[in-house]
Amino acid sequence: PLFTRRMRRASLACAHLARLRAAHARSASVVFGASSSSETSSSARAARANSSAAMPEADATKTTNDGDLDARATAAHAASTSATLPREFRFRAVNDDADEPPHEARRAPPGATAKARGFAFFEALGNPRYQVAPMVDQSELAFRELCKRYGATLGYTPMIHARLFVESPKYRREIFSTSTRDRPLLAQFCANDPEILLRAATMIAPYCDGVDINFGCPQRIAKRGNYGAFLMDDWKTVEALIRKLDEELPVPVTAKIRVYDDLETTLKYAKMVEAAGAQIVAVHGRTREQKRCADIRANWAYIRAIKDALKVPVLANGDIRSLAEARACLEATGADGVLSAEPLLSNPALFSDPPFYAAPTDGYAPIPLDGVAAVDLMIEYFDICKSYTTSFSYIRGHVWKLVGHWMSEFTDLRDEFVAIKSPDMDTLIAWGMKMRTRIEELERTTGRRRPIPVKTERALAREAAEVAKQAAIEESQREEDALREINTGHELAVDLPADANKRQKVADLA
């Protein structure tokens, strides 16, 4: 009924407002851009409590008229969107010698000799245990903001190409943005030239807490560019890149690495990275060849061995799909923190305590999220994008990761989303609310919280064509077999026209 739908809209808006208020309250308690784990946990609890409290409040309006409900929903949404986020910083889109305009996100770096090292640096960051891993085109400012509202205590930028960052103002402006709420922040670069890396890192140093070097990317583009995990074959360059930044960059340098097949080489490599000057070492517990994370479990035992061997903080990366798994990884590896990448895209509230989303107890994986949880996070992400300029390619990628499983059932909503060509946030929020209403109605009428994929007309047409093709082949084979029986004893040449006819018939039907 119309009354019920409006009541739900009001309830959602109130819950959304509660989350925003809790997030803004948390930002007020941030010191030097980093909040403690306890602060994050208490803020998350407050948000959940406020969200729960908002639901009965909406139910109590059953005695009011529809006009009152609409007014309350409108007022709640207006209040939630009126709380503005800090001003965004981006580099200028021109390449000249002028300084960047003053911005509150800029801080004077400590200096090459005064910068903190090892655990002192980690403590200055706020001892961040739960971190947003660097992800190409995915760990941008708006997404980092969303994750930090739900328990993440440090974020990495997307991987930045050092040479492009130095040479292209357009690239520099597009790839990096930050704000005063974005700390602590590590800016990650890929590079193979120490001098170019230093130039790029020096430019970004006033806007981050440290610079990370990517030695873990296993993709083909990294092989072509000779960076990332493909520098594992060139320890001399790895050592030179780290040492250059450690000696001359005014903020600390960190490194993200992968493991080798054997433990001995892995430990030698990790010790070399530490000796070169990496103040934090993040370890992805898979080899360069193990690209499909869903198929191969991360080697936590190797991470444990690295942690025991190094004297700087060690972070664990791999198989972190829930807060429970994050805690299990910390226990198993002894690591000082964990990073999550792909799973965090499906559940940005993965580190929330108490959980934003209760993981299934019926054997299903904790991601993708059941019910409306992912839609609520997506709508909140859209709201953040109103304040922070975000490439529509980034937004599109996040939408597919968050609610792609539901679009496999609601194909009309999928087609509607695909037709959207520009990042108009109000349009996207309205689209998200339609999906939320659809999922709620499905759960109310059937009790189902998971989608059942529906095949598109194109997919059905492809299947029909394959069936027709296979049927033609089978029919032709039957004709050939029959002809062979009839012509038993004839010369092979007698069968050749039949073979030619068969091939022509199959080609025609296909």
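First things first, this report covers the structure right here in the doc.

Quick notes on the rules
- Residues numbered from 1 in each chain as written.
- Predicted model: local features only at pLDDT ≥ 70, side-chain atom pairs only at ≥ 80, totals over all residues.
- Heavy atoms only, no water.
- Helix = DSSP H or I, 4+ residues; strand = E, 2+ residues; numbered from the N terminus.
- Axes fitted to C-alpha atoms, helices over the stretch in contact; angles between N-to-C directions.
- Parallel < 35°, antiparallel > 145°, perpendicular 65-115°, else oblique.
- Left-handed = near helix turned anticlockwise from the far one by under 90°.
- Contact = heavy atoms within 4.5 Å.
- Salt bridge = Lys/Arg side-chain N within 4 Å of Asp/Glu carboxyl O.
- Buried < 20%, exposed > 50% of the residue type's maximum accessible area, 1.4 Å probe, protein only.
- Arc of directions from axis to C-beta.
- Phe/Tyr/Trp six-rings, centres within 6.5 Å; stacked < 30°, edge-to-face > 60°.
- Lys NZ or Arg CZ within 6 Å of the ring centre and 35° of its normal.

Cis geometry marks the peptide bond from Arg183 to Pro184; its omega dihedral reads -5 degrees. Tracing the backbone shows Pro184 in the loop between α7 (169-175) and β4 (185-190). Note that the residue after Ile367, namely Pro368, is joined by a cis bond; omega there is 0 degrees. Structurally, the position occupied by Pro368 is in the loop between α14 (342-346) and α15 (373-385). For Asn226, which is not a glycine, the phi torsion comes out positive at approximately 55 degrees.

This paragraph deals with the packing of helix α5 (residues 141-149) against α15. At a closest axis distance of 9 Å, the pairing of α5 and α15 adopts a crossing angle of 130 degrees. Considering their axes alone, α5 and α15 lie oblique with respect to each other. Considering how the two elements wind past one another, α5 and α15 form a crossing that is right-handed. On α15, the residues touching Ala142, Phe143, Glu145, Leu146 and Arg149 of α5 are Leu377, Glu380, Tyr381, Ile384 and Cys385.

Inspection of the entire model under this criterion finds 34 salt bridges. Linking Glu380 and Arg149 is a salt bridge whose minimum nitrogen-to-oxygen distance equals 2.9 Å. One end of the pair, Glu380, is in helix α15; the other, Arg149, is in helix α5, and 231 residues separate them in sequence. Accessibility classification places Glu380 together with Arg149 in one group, the buried group. Of the charged contacts in the structure, one is a salt bridge between Arg304 and Asp308, with a shortest N-O distance of 3.7 Å. With Arg304 and Asp308 both in helix α12 (residues 300-309) and four residues apart, the pair spans about one turn of that helix. The class for Asp308 is exposed, based on a relative accessible area of 53%. Salt bridges linked by common partners bring Glu145, Arg149, Arg181 and Glu380 together as one network.

It is worth spelling out helix α17 (residues 411-418) at this point. Spacing of three or four residues puts side chains on the same side of an α-helix, whose turn is 3.6 residues. Taken together, the buried positions of α17 are Thr411, Leu413, Arg414 and Phe417. Burial along α17 is one-sided: seen end-on, the buried residues are contained in an arc of 155 degrees. Looking at the packing, one finds that the buried side of α17 touches α16 (392-407) and α18 (425-446).

This part takes up the packing of aromatic side chains. Enumeration according to the criterion identifies 16 aromatic pairs in this entry. Ring plane angle 90 degrees and centroid distance 5.5 Å describe the contact between Phe91 and Phe165, whose orientation is recorded as edge-to-face. Note that Phe91 is positioned in the loop between α3 (66-82) and α4 (118-124) and Phe165 in helix α6 (residues 162-167), a separation of 74 residues in sequence. On the basis of relative accessibility, which here comes to 2%, the residue Phe91 falls in the buried class. Residue classification places Phe165 among the buried residues on the basis of a relative accessible area of 0%. With a centroid separation of 5.5 Å and an interplanar angle of 80 degrees, the aromatic rings of Phe165 and Phe189 are classed as edge-to-face. Of this pair, Phe165 sits in helix α6 while Phe189 is found in strand β4, placing the two residues 24 residues apart along the sequence. Note on accessibility: Phe165 and Phe189 belong to one class, buried. Among the aromatic residues, those joined into a ring-pair cluster are Phe89, Phe91, Phe165, Phe176, Phe189 and Tyr207. Note that Arg172 overlies the ring of Phe165, its terminal NZ or CZ placed 6.0 Å from the centroid.

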